[in-house]
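Residue-level structural notes
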Amino acid sequence: MSDTADATNDTSEQAGPVLAADGTPLKRSLNRALRRQKLSALLLIAPLLIFILVTFIAPIADMLFRSVENQIVQDTLPRTTQTLAEWDSESGETPGAPVYKALYEDLFIAQERKLHTRLGSRLNYELTGASSLFRKSGRGVDDIGEVYQDQFEDLNDFWKKGENWNALLGSDAWLTEISGWKKSTGDVQPPFEMREGMAELLPETAEYYAIFADFVQNDDEDNLYKEDPWALIYSAFYDDLTGPTAAQIASYTGPASAELGEAAAAAPAFETVDYKAAFSEIDKDWGKTPIWGTIRAYSPALTNGYFLNAVDMQKSPDGPEFRPDNERIYGTLFLRTLFMSICITVSCILLGYPVAWILANLPARTANLLMILVLLPFWTSLLVRTSAWKVMLQQQGVINDTLVWLGIVADDSRLALINNQTGTIIAMTHILLPFMILPLYSVMQTVPPSYLRAAKSLGATNWTAFWRVYFPQSVPGIGAGSILVFILSIGYYITPEIVGGTTGTFISNRIAYHISSSLNWGLAAALGAILLAVVLGLYWTYDKIVGIDNVKLGG
Amino acid sequence: MVALTPISRKPVGFYVPVVAAAGAFAGLFVGTAQGSGLLGIVIGALTMGALAFILTQLIKNETIARWGSVILLAVIGFILGGVPMLVLGVIFGWFFGWFSFWLYEGRYRAKVAPYLTPGQVLWHFAFRIICGAILVFLITPILVVMPLSFNAENFFTFTPEMLRFDPEGYSLRHYKDFFNSSAWQGAVWNSVKIAPAATLLSVSFGTLAAIGLSQQHVPFRRAIMAILISPMIVPLIISAAGMYFFYSRVGLQGTYVGVVLAHAALGIPFVIITVTATLVGFDRSLTRAAANMGANPVTTFFRVQMPLILPGVISGGLFAFITSFDEVVVVLFVGSAGQKTLPWQMFTGLREQISPTILAVATILVVISICLLTVVELLRRRSERLRGMSPG
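Please read these numbers as outputs of a predicted model, since none were measured by experiment. (Residues numbered from 1 in each chain as written. Chains lettered and ligands numbered in written order. Predicted model: local features only at pLDDT ≥ 70, side-chain atom pairs only at ≥ 80, totals over all residues. Heavy atoms only, no water.)

Across its full length, chain B holds 15 helices and zero strands. The globule rule puts the C-alpha radius of gyration for 392 residues at 21 Å, and the 29 Å found for chain B is more than 25% above it. Taking the principal axes of the C-alpha coordinates as reference, chain B spans close to 80 × 55 × 30 Å. Long-range pairs, those at least 24 residues apart, make up 68% of the contacts in chain B with a sequence separation of at least 6. Carbon and sulfur atoms make up 71% of the accessible area of chain B, which totals about 18,500 Å². If the 25 positive side-chain charges of chain B are averaged to one point and the 13 negative ones to another, these points end up 13 Å apart. (Helix = DSSP H or I, 4+ residues; strand = E, 2+ residues; numbered from the N terminus. Rg over C-alpha atoms; globule rule 2.2 N^0.38 Å. Contact = heavy atoms within 4.5 Å. Areas by Shrake-Rupley, 256 points an atom, 1.4 Å probe, with all protein chains shown as cover. Lys, Arg positive; Asp, Glu negative; His and termini not counted. Charge placed at Lys NZ, Arg CZ, Asp CG, Glu CD.)

Attention shifts here to the domain arrangement of chain A. Assigned domains within chain A: domain 1 (2-66), domain 2 (78-296) and domain 3 (330-550). Centre-to-centre separation of domain 1 of chain A and domain 2 of chain A, based on C-alpha positions: 62 Å. (Domains from an automatic or database assignment.)

Here we take up the domain arrangement of chain B. Considered domain by domain, chain B is made up of domain 1 (12-115) and domain 2 (181-386). If you average the C-alpha positions of domain 1 of chain B and of domain 2 of chain B, the two centres end up 52 Å apart.

Turning next to the nonpolar core. Judged by nonpolar contacts, the single largest core of 152 residues is most densely connected at Ile494(A), Ile237(B), Ile272(B), Phe333(B) and Met346(B). Among the elements that line this core, the one with the most residues is helix 21 (residues 421-444) of chain A, at twelve residues. The residues touching Ile494(A), leaving out its near neighbours within four places in the chain, are Leu382(A), Leu383(A), Val328(B), Val329(B) and Phe347(B). If you look at the next biggest cluster of nonpolar residues, it comprises 68 residues, including Phe192(A), Phe212(A), Phe215(A) and Phe270(A). (Core = buried A, V, L, I, M, F, W, Y, C linked by side-chain atoms within 4.5 Å. Buried < 20%, exposed > 50% of the residue type's maximum accessible area, 1.4 Å probe, protein only.)

All chains considered together, the criterion is met by 19 salt bridges over all chains. Close ionic contact of Arg66(B) with Glu62(B) constitutes a salt bridge, the shortest N to O distance being 3.1 Å. With Arg66(B) and Glu62(B) both in helix 3 (residues 62-104) and four residues apart, this pair spans about one turn of that helix. By relative accessible area, Arg66(B) is classed as partly exposed at 23%. Beyond isolated ion pairs, a larger network of salt bridges with shared partners links Lys101(A), Glu105(A), Glu204(A) and Asp239(A). (Salt bridge = Lys/Arg side-chain N within 4 Å of Asp/Glu carboxyl O.)

Moving on, we come to the UniProt feature "domain: ABC transmembrane type-1" (unreviewed entry) in chain B. As annotated in UniProt, the feature "domain: ABC transmembrane type-1" (unreviewed entry) corresponds to residues 188-376 of chain B in the numbering used here. With 81% helix and 0% strand, residues 188-376 of chain B has its two end C-alpha atoms placed 23 Å apart. (UniProt positions renumbered as here; feature names shortened; annotations may be inferred.)

Residues and elements named next belong to chain A. Here the UniProt feature "transmembrane region" (unreviewed entry) sits at residues 39-61, 333-360, 366-384, 424-444, 475-494 and 519-542. Between the end C-alpha atoms of residues 39-61 the distance is 28 Å, and the span holds 100% helix and 0% strand. Segment residues 424-444 splits into 100% helix and 0% strand. End C-alpha atoms: 29 Å apart.

Residue and element names in this part refer to chain A. Between helix 18 (residues 364-379) and helix 21, the least distance of the axes is 9 Å, while the angle of their chain directions is 135 degrees. By the angle class used here, helix 18 and helix 21 are oblique. The two elements helix 18 and helix 21 cross, and the hand of that crossing is left-handed. Contact residues: helix 18 offers Met371, Val374, Leu375 and Phe378, while helix 21 offers Pro434, Phe435, Ile437, Leu438 and Tyr441. (Axes fitted to C-alpha atoms, helices over the stretch in contact; angles between N-to-C directions. Parallel < 35°, antiparallel > 145°, perpendicular 65-115°, else oblique. Left-handed = near helix turned anticlockwise from the far one by under 90°.)

Okay, unusual backbone geometry next. Residues and elements named next belong to chain A. We note that lysine 114 has phi near 60 degrees; this positive angle belongs to a residue other than glycine. Relative to the elements of secondary structure, lysine 114 occurs in the loop between helix 5 (97-112) and helix 6 (116-124). Among the residues examined, lysine 114 registers a relative accessible area of 60% and is labelled exposed.

Moving on to the state of the cysteines. Residues and elements named next belong to chain A. The tally for this structure, following the rule as stated, stands at zero disulfides over all chains. For the unlinked cysteine cysteine 343, the closest cysteine sulfur is that of cysteine 348, found at 11 Å. Note on cysteine 343: relative accessible area 24%, which makes it partly exposed. Overall, cysteine 348 belongs to the buried group, its relative accessible area being 0%. (Disulfide = S-S within 2.5 Å.)

Residues and elements named next belong to chain B. Taken together, the side chains of Phe78, Val83, Leu86, Val87, Val90, Ile91, Phe150, Phe165, Tyr170 and Leu172 present a nonpolar region at the surface, about 810 Å² in accessible area. Turning to its location among the elements, valine 83 is positioned in helix 3. Valine 83 gets classed as partly exposed once you look at its relative accessible area, which sits at 35%. (Patch = residues over 30% accessible without salt bridge, like charges linked within 9 Å, V, L, I, M, F, W, Y side chains within 5 Å.)

What follows is the structure, given as structure tokens:
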């Protein structure tokens, strides 16, 4: 079309505007037609494009995002990560008391919401033992808070009851609403409203009570009015009564001012809690630096930690470093995947080349018949072929039985053909061979057989004629087939899973393991992202060599 | 191919040793099977060399000689080892009878170029044997599975009864298991529910998009094509992982709709590729002619364009169907127990407690894929004929 447009351009320059039948300049009229054509093409493509973007590209993007996403630490321990930022990790000392206090508050809320175990398993990927540490601490934090709770309750029974707390902290309007509300009516529970001035008077208590109220009303769906507060509220209350805002309490005149005044007077004499000591008592790991270093290293919302893990590295105070030799598995696994894919590709070339050659050189009728032998496995279910190999390669399977019958191997030393690399390579070579033969065949069909004869009549030997004349012309086919086979084999999952045992598995099996068994989704995503990058690189090469438009299916 | 080279009878000194060598090769296997390879080689070479000489020089009449050798070896085989050896004897007799005369009459020369040296002729046939072996490698697993599925025992190898062709060794019990097991039937039913829905989705979206893509002016054609083809390129495990994460976020994980959507996405590249390939040969003047005669675009599409590209659309649909019907990785992650498809059931069976019922299922699937292959091939020919690309 651009040619036409140029041509129009030329004419208009020479002889004034050329007009279309309706009087508009031809150039504009053509442009409009072109635009309409483009638009209609796009409209036809749009539904599918949107469909693919939503059902396929979005999941892939989501996976890539997951490989760097790390919000769980920040979300679960917001106060701790904030205070921990000031800690000097290289000093070799544990963080100061405020950090432990923040940890207590975060962990208390997290264990009420049952989030601490998830955080524990997340950090366990980075530091072994973190999972049990968090589980243990989740059980322990209640005891820390109860020190204050008991003292306040001993002081006055008033502090035992949820209603009294609500009367103190809730606004009058909310209190009338909640007292008339019943769960059985099915109405929505009136959301908690803080009494005015409470946020200034008792800032910490107000903050945590709001969290408590939100949790009871929205997560537990219980009646907040009757609910007795968490131990955390008591420790916050103590902090407020002894903190910088304590002086204002004397001037407070609202409900429960008498009890509040009494508590404020008694609080300074209370037994206090040393959070650091309390945590060290729960588990002595809290008194050591590694767990703090890990929490700090993984506190940002985005992390490269999963990718570092995927390449056998880990975070350390001096930046990323390689893991100790005995913990490196992914490098070996990637290398093994590459090595086996190359083996499979090479065996496919060796087996596919002669077959493609003979298919391309036989008379069409015979070639079509033989082609069925290539296409039948291509069309047969992958599971069928894999099960066939599983059956044939077994110790008591057909191949070993035949070999034993022929006397080639002894009955007591049957070949181990399955659950190792050999099994995977044999089965996958068979499964991927048609993908090598088909592109090779279509390239070889275009090589005129007269070239070989010409070479021979000019005095070349068979080998020279093949190697110098025929082979170079079939190289594009080898390239196309190899990349296709390599791309397919590097991401294979089913066959290695079934015939590969432990030594014949690929990186994809590891990804599946992390998704379904170890639940380390971030690491699975990171491994997947690396694999995807390799495949896309190869795909790009394939596109340069062959062109995606030239992909043909089934001959 | 017609005969290229005039042929003539060969001297005894050439073909008898060659047949003897072949006999030695066969004798090696028979001998090792019986305990002594060396003895097998000697006996094989001697008997087969002698047989070749007797057949060609003493009997002379080719028909009689070849039948004679078949019957002779069959009888010897039967006496030595019953029915299995009889079959082996027939095969050996037929082969050596044919081989002797093929060499003796010089027929092997008929179809190769006359200027080839003996070494080159040898290579010519050796190469064919290699190719034959590779083709056998391609087809054997499928061929082995079929008879094994009729095994009367729970074994994955040929039992002595089967090798004796004893009817006792064969049974349909694994097929009965398949049809009577609720797990397998449930899996079949799930596959039958999922695959057509996914196919319908990918064919309807895919055909529209392919028509759009095959128009002359498509902005960002390459980029769009790359996106649409990507489900075929991205390794299945990555697609599965991504879909698992994303679909569980939006609540589609473990639902019928989720699996159908995932399978539709995987099938789309196949529809796009086959339909665009069909559209390459589509004559656009036909739609213009239809429009010229007053048909609106919808009528033009259904009455003119669709019938012509229908073969491509159907074979694209078959590809999409097979993709969904065979797919296991994605459904393993995106589906839940309620969407257990046939391949999934096979996969679990293969990984956990492998039972010969799987072989019965495999045989049924092979038969289905043979049918589909035939349909696709017929459609391809029809489409080429419709588009006038090939005369037949």
